[in-house]
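# Fold and geometry: a report
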Amino acid sequence: MAKRDDDDYPTTGHEWDGIREYDKPMPRWWVWCFYATIVFAIGYTIAYPAWPGITGATQGVLGYSTRGAVAEDIARYEAQNAGLISQINETELSTILETPELLQFANAGGAAVFRNNCSQCHGAGAAGAMGYYPNLLDDDWLWGGEVEQIHQTIAHGIRWDEDWDTRLSMMPAFGVDGILNDAEIEAVADYVISLSSSPAAGTLGETLYLDNCAACHMDNGMGEVELGAPNLTDAIWLYGGDKASVVETITYSRAGVMPAWADRLSEAEVKQVAVYVHSLGGGQ
Amino acid sequence: MSADTSQPPKLFEAREPIFPKRVSGAFRRFKWWIMAVTLGIYYLTPWIRWDRGPNLPDQAVLVDLANRRFYFFMIEIWSHEFYFVAGLLIMAGLGLFLFTSALGRVWCGYACPQTVWTDLFILVERWIEGDRNARIRLWRQKYDLRKWRLRLTKWFVWLMIAVATGGAWVFYFADAPTLLVDLFTGQAAFVAYASVAVLTATTFVFGGFMREQICIYACPWPRIQAAMMDEETITVAYRDWRGEPRSHGKKRDATEPHGDCIDCNACVAVCPMGIDIRDGQQMECITCALCIDACDEIMDKIGKPRGLIDYCTLGDEVRERAGEKPIPAWKHIIRPRTILYTVLWAGIGIALIVGLFIRSDIEMTVSPIRNPTFITLSDGTVRNAYDVRLRNKTGDNRDFRLSLTSEAPLRIRVSGTDLLSVPVAANETRVQRIFIEAKPGTDAAETHATDVTIWVEDLGSRERDSVETLFNGRN
């Protein structure tokens, strides 16, 4: 290539500290690319939703919409999973646990349902919250840890008035309702705490316990799953195992509420999340 | 240039068409061999079979993107072992440094796909349209029936080569015999057709029409090479102290003294880059050495010694001008700089090979569950959960047994089963939830963290792997 003498070349007239700017044209390929983008843009606005109007935008001749694309994706995945979903619907929960393919599918689907619907209270890791929501990872179950029992709890909820099959039970507020006085409550609390190690036999607390509490929590304090009466002999205290907490529980009573999910989730979803919760490590 | 300020000059010249002339000689023959070998490797490799057992593909070289596996004969690489590929790329980079510092742009001149395919396309062009002069005549004449016929024949053959090139590429990514049938019956995936189409288009356009413009405008390597070369690098050069003043014909008879160059333009006519090597080293030169062959042929004819255009170095130029002897070629190649590159290159290569052979067929990674860090069971036992990722890289289904070692009395359990062994299918990864438990009141249950080593053992081969992790107690 011949050397060009650029000194005579026209400039834009701009000059900064002796540095002048050449008035050189755009490269031809660049200009053509620029025109190509304009042509493309016009075609694009015809093909796709683009121009805003008063009440909406032009829809584009391809009829594309992002919502429609998502709906198509969802429909495709649902069609893909339809076979497994119908199997989940038709299969007993205990059988699902023994069928690796269904178990894997139910665990994956259940985990998604859990994150969307359950984690708000029970936590993303299912560890619950002390004093409010039970930990689903341990082996202590207020209403039973068999997969069918978990399914019943999820489907119909706990103390959820709108569901006729909901699990119901109510601990009396012994202090507020005047069934026991403060001294008696203290004595019962001492006895209840002693159940975990060595029960304080022959105390006032034991007598009061047998009279007032044993109907639900049983004579030995092991609780009763049918009534949602917790086991008082183990190391797990949803509302706290120190004396002040136990006194408060006896005085005011405790009654957690969980919504029924049968109306909000499909049967397959309820089954999947039951399998998932069962498999978290505490299932019986 | 006398610039007319009212009418700016054209700054962007259209491409000057280049019509490389046929040449014969040692370097040309060498380049034919390299073309045959490299194209042979490219087109045939996907068809080599390699038996890996019933559960694994039997293609010797396969990039299985869907399953994230890379197979190369006896070597299988999983996606988490991608550092082997990174290592190979570093070796390729260092190799390029080594060859460039010793031999200049030898990659560009002989082995670069752009050079090889362009060479093939020029071969086809010459075969259909004739040699340089015939092609120039054809280019100048108007389109008539003959020109259309020749042009269309040439484009068709180019297109067939391009389709074969794009087609061969996709065979590296799927079972080649199956994919070949699928491609022709319309069963193959869209991405396969798209890849073939894109590579067909690039091969056709780059090899047929853009050619040297790819090297000059698109490729960064010619610009980097200036930094990689030094005065001892062997490159293609014209011995102007021997050739100049050039002259030919009557003028040559009249001028005295005259150099060996008879200004026959043979070196220019054969150049695929369209340059004149006699202008000295220039960015466009890919050192394909065809001008050496062309010039040597002429030198033989006029009875002058060969090597007017030759491989030589900038350092030798100075020595030869001064009448000294040039340094022997091996001294150019074996220098501290090239030795350093070789040592680095070989070091990485040896590390990769050692890494390949000490790999285990089973592997495990452990991710402790931190939400929550621990839970208390009804009897007061403290439990930690872990997700272990077990990899069975063999071609058989295996049972992996999990165990742990720790100073503290801890117990390991596998979620969902009473057994401690987990079946892992051939060539699969399995994620398994496990629990480690400490009895109530023990040190591990009450202290913040206890060291634990989790072991996995393949019950068949007795291979083991272990991961150190922590057990979290109540505090």
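Thresholds, definitions, all that
- Numbers given for residues are sequential positions, taken from 1 along each chain in its written order.
- All chains are assigned letters beginning at A, and all ligands numbers beginning at 1, according to the order in which they are written.
- Per-residue local features are limited, in this predicted model, to residues with pLDDT of at least 70; the limit for side-chain atom pairs, both in listing and counting, is 80 or more; totals at the level of whole chains, interfaces and linings are taken over all residues.
- Working from all heavy atoms in the structure, the side-chain values ignore hydrogens and water.
- What counts as a helix is a DSSP run of H or I of at least four residues, what counts as a strand is a run of E of at least two, and both are numbered from the N terminus.
- Just to be clear, the radius of gyration here is over C-alpha atoms, and the globule rule we use is 2.2 Å times residues to the power 0.38.
- Each residue is assigned to one of three classes by its accessible area relative to the maximum for its type, calculated with a 1.4 Å probe on protein chains only: buried under 20%, partly exposed between the two thresholds, exposed over 50%.
- Note on definitions: a residue-residue contact is assigned when non-hydrogen atoms from the two residues lie within 4.5 Å.
- Note on areas: Shrake-Rupley with a 1.4 Å probe; residue coverage comes only from the protein chains shown.
- UniProt positions are given in the numbering used here, feature names are shortened, and annotations may be inferred rather than shown by experiment.
- Boundary definitions for the domains trace back to an automatic or database domain assignment.
- Here, a salt bridge means any side-chain nitrogen of Lys or Arg that lies within 4 Å of a carboxyl oxygen of Asp or Glu.
- What makes a nonpolar core is a set of buried Ala, Val, Leu, Ile, Met, Phe, Trp, Tyr and Cys residues whose side-chain atoms join them at distances within 4.5 Å.
- Any two strands between which DSSP finds at least two bridges are classified as paired.
- The axes used here are C-alpha line fits, helices contributing only the stretch in contact, and every angle between their N-to-C directions lies in the interval 0 to 180 degrees.
- Roughly parallel refers to an angle under 35 degrees, roughly antiparallel to one over 145, roughly perpendicular to one between 65 and 115, and oblique to any angle outside these ranges.
- Asp, Glu, Lys and Arg are counted as charged, while Ala, Val, Leu, Ile, Met, Phe, Trp, Tyr, Cys and Pro are counted as nonpolar; the rest, among them Gly, fall into the polar class.
- Ring geometry is summarised as follows: Phe, Tyr and Trp rings, the Trp one being its six-membered ring, pair when their centres sit within 6.5 Å, and such pairs are stacked at plane angles under 30 degrees, edge-to-face over 60 and tilted between the two.
- By this rule, a helix spans an expected 1.5 Å times one less than how many residues it contains.
- Throughout, the arc means the angular range of directions from the helix axis out to the C-beta atoms.

For chain B, the count of helices and strands is 18 helices and 14 strands. Compactness check: chain B gives a C-alpha radius of gyration of 33 Å against a globular reference of 23 Å for 475 residues, more than 25% above the reference. Dimensions of chain B along its principal axes, counting C-alpha atoms only, are 115 × 60 × 55 Å. Buried residues in chain B amount to 45% of all 475 residues. Long-range pairs, those at least 24 residues apart, make up 67% of the contacts in chain B with a sequence separation of at least 6. Just so you have it, chain B exposes about 25300 Å², and 63% of that area is on carbon and sulfur atoms.

Our focus in this paragraph is the overall build of chain A. Tallying secondary structure elements over chain A gives 11 helices and 2 strands in all. The order of helices and strands in chain A, counted from the N terminus, is β-β-α-α-α-α-α-α-α-α-α-α-α. At 34 Å, chain A has a C-alpha radius of gyration far larger than the 19 Å of a compact globule built from 284 residues. On the principal axes, the C-alpha backbone points of chain A span a range of 115 × 55 × 45 Å. For chain A, the exposed area adds up to about 17100 Å²; of that, 57% sits on carbon and sulfur atoms.

A few words on the UniProt feature "domain: Cytochrome c" (unreviewed entry) in chain A. UniProt records the feature "domain: Cytochrome c" (unreviewed entry) for residues 105-196 and 200-281 of chain A in the present numbering. The annotated region residues 200-281 of chain A carries 44% helix and 0% strand content, and the separation between its end C-alpha atoms amounts to 33 Å.

Here we take up the domain arrangement of chain B. Assigned domains of chain B: these are domain 1 (26-227), domain 2 (232-327) and domain 3 (362-472). Between domain 2 of chain B and domain 3 of chain B, the C-alpha centre-to-centre distance is 73 Å.

What follows concerns the UniProt feature "binding site: heme c 1" (unreviewed entry) in chain A. All names here are of chain A. Under the UniProt annotation, "binding site: heme c 1" (unreviewed entry) lies at Cys118, Cys121, His122 and Met258. Look at the named residues: they lie 141 residues apart in sequence, but the longest C-alpha span between them is just 10.6 Å, so in the fold they bunch up. Secondary-structure assignment places His122 in helix 5 (residues 119-122). A relative accessible area of 12% means that His122 is categorised as buried. Residues within four places of His122 in sequence aside, it is in contact with Phe114, Ala127, Gly128, Tyr133, Pro134, Leu136 and Met258. Mapped onto the elements of the fold, Met258 is located in the loop between helix 10 (243-252) and helix 11 (267-279). Once residues lying within four places of it in the same chain are set aside, the contact partners of Met258 are His122, Thr153, Ile154, Gly157, Ile158 and Trp160.

Another point: the pattern of salt bridges. All names here are of chain B. Enumeration over the complete set of coordinates arrives at 41 salt bridges over all chains. Among the ionic pairs, Glu320 bridges to Arg239, the shortest N-O distance being 2.8 Å. In this pair, Glu320 is assigned in helix 15 (residues 314-321) and Arg239 in the loop between strand 4 (235-238) and helix 11 (240-243), connecting sequence segments 81 residues apart. We classify Glu320 as buried; its relative accessible area is 17%. Look at Arg239 and you get buried, because its relative accessible area is 13%. Of the charged contacts, one joins Asp276 and Arg278 as a salt bridge, the two residues approaching to 3.0 Å between their closest N and O atoms. Using a relative accessible area of 15% as the deciding quantity, one classes Asp276 as buried. Taken together, the salt bridges that share partners define one network made up of Glu125, Glu129, Arg135, Arg151, Lys154 and Arg211.

With that settled, consider the nonpolar core. Residue and element names in this part refer to chain B. Judged by nonpolar contacts, the single largest core of 36 residues is most densely connected at Met273, Ile277, Cys291 and Ile309. Taken together, the elements giving at least two residues each to this core come down to helix 2 (83-103), helix 3 (106-111), helix 9 (212-218), helix 10 (221-228), strand 4, helix 13 (266-270) and helix 14 (290-301). Among the elements that make up this core, the one with the highest residue count is helix 14 (7 residues). Mapping this core onto the domain boundaries places at least three of its residues in each of domain 1 (26-227) and domain 2 (232-327). Once residues within four sequence positions are removed from consideration, Cys291 is found in contact with Val236, Cys267, Val270, Ile277 and Ile309. Counting 26 residues, the second largest nonpolar core, distinct from the first, contains Val366, Ile436, Ala444 and Val456.

In this section: the sheet that holds strand 11 (residues 421-424) of chain B. Residues and elements named next belong to chain B. Strand order in the open sheet formed by 4 strands is 11-9-13-14, and the pairing between neighbours is antiparallel. Bordering the open sheet on either side are strand 11 and strand 14 (464-472), each of which pairs with just one other strand. Between one strand and the next, the sheet's axes are offset by a mean angle of 30°, whatever the strand orientation. Relative to strand 13 (residues 449-458), strand 9 (residues 398-405) runs antiparallel, the two sharing 6 bridges.

For the rest of this paragraph, the subject is the UniProt feature "transmembrane region" (unreviewed entry) in chain B. Residues and elements named next belong to chain B. When the UniProt feature table is mapped to this numbering, "transmembrane region" (unreviewed entry) covers residues 30-50, 70-99, 155-174, 186-206 and 339-358. Helix makes up 85% of residues 155-174 and strand 0%. Its end C-alpha atoms lie 29 Å apart. Between the first and last C-alpha atoms of residues 186-206 the distance is 27 Å; the span itself is 81% helix and 0% strand.

Attention now moves to the packing of helix 4 (residues 100-117) of chain A against helix 11 of chain A. Packed helices, taken two at a time, are described by the angle their axes make and the gap between the axes. Residue and element names in this part refer to chain A. Direction vectors running N to C along helix 4 and helix 11 enclose 95°, while the axes themselves pass 7 Å from each other. Considering the angle they form, helix 4 stands roughly perpendicular to helix 11. Here helix 4 contributes Leu103, Phe105, Ala106, Asn107, Gly109, Gly110, Ala111, Val113 and Phe114 to the contact with helix 11, which in turn contributes Glu269, Gln272, Val273, Val275, Tyr276, Val277 and Ser279. Class assignment of the residues belonging to the contact of helix 4 with helix 11 gives a composition of 10 nonpolar, 5 polar and 1 charged.

What follows is about the sheet that holds strand 2 (residues 69-72) of chain B. In any sheet, the strands associate via hydrogen bonds between backbone groups, in a parallel or an antiparallel arrangement. All names here are of chain B. Strand order in the open sheet made by the 3 strands is 1-2-3, with antiparallel pairing throughout. Each edge of the sheet is formed by a strand with only one pairing partner; in this case those strands are strand 1 (61-64) and strand 3 (75-78). Strand after strand, the sheet turns through a mean of 10° between neighbouring axes, direction not considered. When strand 2 meets strand 3, the two strands line up antiparallel, connected through 4 bridges. Residue Tyr71 lies in a different strand from strand 3, and its bridge partner there is Glu76.

All names here are of chain B. For the structure shown, the criterion picks out 28 aromatic pairs over all chains. A ring pair is formed by Phe121 and Trp158, whose centres lie 5.3 Å apart and whose planes are at 25°; its orientation type is stacked. With Phe121 in helix 4 (residues 113-129) and Trp158 in helix 6 (residues 145-171), this residue pair connects regions lying 37 residues apart in the sequence. With respect to burial, Phe121 and Trp158 carry one shared label: buried.

Listed in full, the buried residues belonging to helix 10 of chain A are Ser245, Val246, Thr249, Ile250 and Thr251 of chain A. Where helix 10 of chain A ends, the next residue or the one after it, Ser253 of chain A, has phi of about 75°, a positive value.

Here the focus is helix 1 (residues 26-44) of chain B. Residues and elements named next belong to chain B. Compared with an ideal rise of 1.5 Å per residue, which puts 19 residues at 27 Å, helix 1 spans 27 Å between its outermost C-alpha atoms and is within 8% of the ideal. Listed in full, the buried residues belonging to helix 1 are Arg28, Lys31, Ile34, Met35, Leu39 and Tyr42. Around the axis of helix 1, the buried residues are gathered within 120° of arc, so they sit on the same side. Opposite the packed face of helix 1, turned more than 90 degrees from it, sit the exposed residues Arg29, Trp33, Ile41 and Leu44. Buried residues in helix 1 make contact with helix 3, helix 4, helix 6 and helix 14.

For the rest of this paragraph, the subject is the side chain of Thr200 of chain B. The residue Thr200 of chain B is located in helix 8 (residues 190-210) in this model. With residues up to four places along the chain from it excluded, the contact list for Thr200 of chain B reads Leu159, Ala162, Val163 and Gly166 of chain B.

Let us now look at the pairing of strand 2 (residues 19-22) of chain A. All names here are of chain A. Where strand 1 (residues 11-16) meets strand 2, 3 bridges bridge the pair, whose relative direction is antiparallel. Across the sheet, Trp16 pairs through a bridge with Ile19, a residue of strand 2. Hairpin connection of strand 1 to strand 2: 2 residues between the antiparallel strands, including Asp17 at a positive phi of 45°.

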